[in-house]
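So the chains spell out like this:
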Amino acid sequence: RLMVSLVAALVASGVCYAFYEWILNLLLAPLTSVQERLGGEQHLFATSLFEGFLVRMKVSLLAGVVASLPVHCYTAVRFVFPALQRRERRTIASALWGSLGLVCAGFIYGYYKVVPLSVEFLTGPGFVPDQVGFVLSYDRNVFYLLQLLLVFVLMFQMPVILLLVLRAGVVTRRALLRASR
């Protein structure tokens, strides 16, 4: 099962390497607000000789792992399911479907709402005076955007995690209500 997951991640990474330009344009689209506000075309700058190569490899590998997540989940479920009872299987299956929907919702919310807002906020006149220009680092900005999106995808998983913890009996509803205040 591990080999299947590894092969799936490598194949998906190869496909993502081929579509790197499209993935990069998708990631960098929120930076257009900085470009528009500065009234010109802004470019990202590489600060080392290997930065372009390393960013391309990292983004391709990360996108490949994300694209192959359904295979990883499937192999993990196939490994665990024989040891589970029927009720536990149904709980995990419904949690996986709910998790998939929440991953999509977290990505969409982060990409269309939070990332543009954070870029606008962090590059605004409250932090950066008008007479100061930007030299945006290629590596740092691409991975800032990826980290921010990952945080929102993970935050949107909290309902599923709470449901699984409640279902497993690790915590009770009463304890959660007391802790919520």
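You'll find the structure just up there.
A few points on the structure. (Residues numbered from 1 in each chain as written. Predicted model: local features only at pLDDT ≥ 70, side-chain atom pairs only at ≥ 80, totals over all residues. Heavy atoms only, no water.)

Looking now at the overall build of the chain. Within the chain, the secondary structure is distributed over nine helices and two strands. Counted from the first residue to the last, the chain has its helices and strands arranged as α-α-α-β-α-α-α-β-α-α-α. Along the first, second and third principal axes, the C-alpha set of the chain runs to 65 × 45 × 20 Å. Counting all 181 residues of the chain, 30% fall into the buried class. Sequence separation of 24 or more characterises 84% of the internal contacts of the chain that already satisfy a separation of 6 or more. (Helix = DSSP H or I, 4+ residues; strand = E, 2+ residues; numbered from the N terminus. Buried < 20%, exposed > 50% of the residue type's maximum accessible area, 1.4 Å probe, protein only. Contact = heavy atoms within 4.5 Å.)

If you walk through the whole model with that rule in mind, you get five aromatic pairs. Relative to Tyr 112, the ring of Tyr 111 has its centre 4.9 Å away and its plane inclined at 90°; by these criteria the two rings are edge-to-face. Measuring from centroid to centroid gives 5.0 Å for Phe 121 and Phe 127, while their planes differ by 80°, and the two rings are edge-to-face. For Phe 121, a relative accessible area of 53% gives the class exposed. The structure contains a cluster of three or more aromatic residues connected by ring pairs, namely Phe 107, Tyr 111 and Tyr 112. Directly above the ring of Tyr 17 sits Arg 56, whose terminal nitrogen or CZ lies 4.6 Å from the centroid. Between the NZ or CZ atom of Lys 58 and the centre of the ring of Phe 143, over which it lies, the distance is 5.3 Å. (Phe/Tyr/Trp six-rings, centres within 6.5 Å; stacked < 30°, edge-to-face > 60°. Lys NZ or Arg CZ within 6 Å of the ring centre and 35° of its normal.)

One can find Leu 31 in the loop between helix H2 (20–28) and helix H3 (32–37). As for Leu 31 and Leu 44, which are separated by 13 residues in sequence, their C-alpha atoms are 9.9 Å apart. Sequence-distant contacts of Leu 31, defined by excluding residues within four places in its chain, comprise Leu 44, Val 119, Asn 141 and Leu 145.

For His 72, the location among the structural elements is in helix H5 (residues 69–80). Judged by relative accessible area, which is 18%, His 72 ranks as buried. In contact with His 72, other than residues within four places in its own chain, are Ser 5, Ala 9 and Val 65.

This next bit is on a positive patch on the surface. Among the surface-exposed residues, Arg 86, Arg 87, Arg 89, Arg 90, Arg 167 and Arg 173 lie close enough to one another that they form a single positively charged patch. Among the elements that make up the positive patch, the one with the highest residue count is helix H6 (residues 86–122) (four residues). Assessed through its relative accessible area of 49%, Arg 87 is described here as partly exposed. (Patch = residues over 30% accessible without salt bridge, like charges linked within 9 Å, V, L, I, M, F, W, Y side chains within 5 Å. Areas by Shrake-Rupley, 256 points an atom, 1.4 Å probe, with all protein chains shown as cover. Salt bridge = Lys/Arg side-chain N within 4 Å of Asp/Glu carboxyl O. Lys, Arg positive; Asp, Glu negative; His and termini not counted. Charge placed at Lys NZ, Arg CZ, Asp CG, Glu CD.)

What follows is about the nonpolar core. Leu 27, Val 55, Val 59 and Val 142 are the most contacted members of the largest nonpolar core, which has 22 residues in total. When residues of this core are traced back to their parent elements, those giving at least two are H2, helix H4 (51–67), H6 and helix H7 (138–155). The element contributing the most residues to this core is H7, with eight residues. Leave out the neighbours within four places in its chain, and Val 55 touches Tyr 20, Tyr 138, Asp 139, Val 142 and Phe 143. (Core = buried A, V, L, I, M, F, W, Y, C linked by side-chain atoms within 4.5 Å.)

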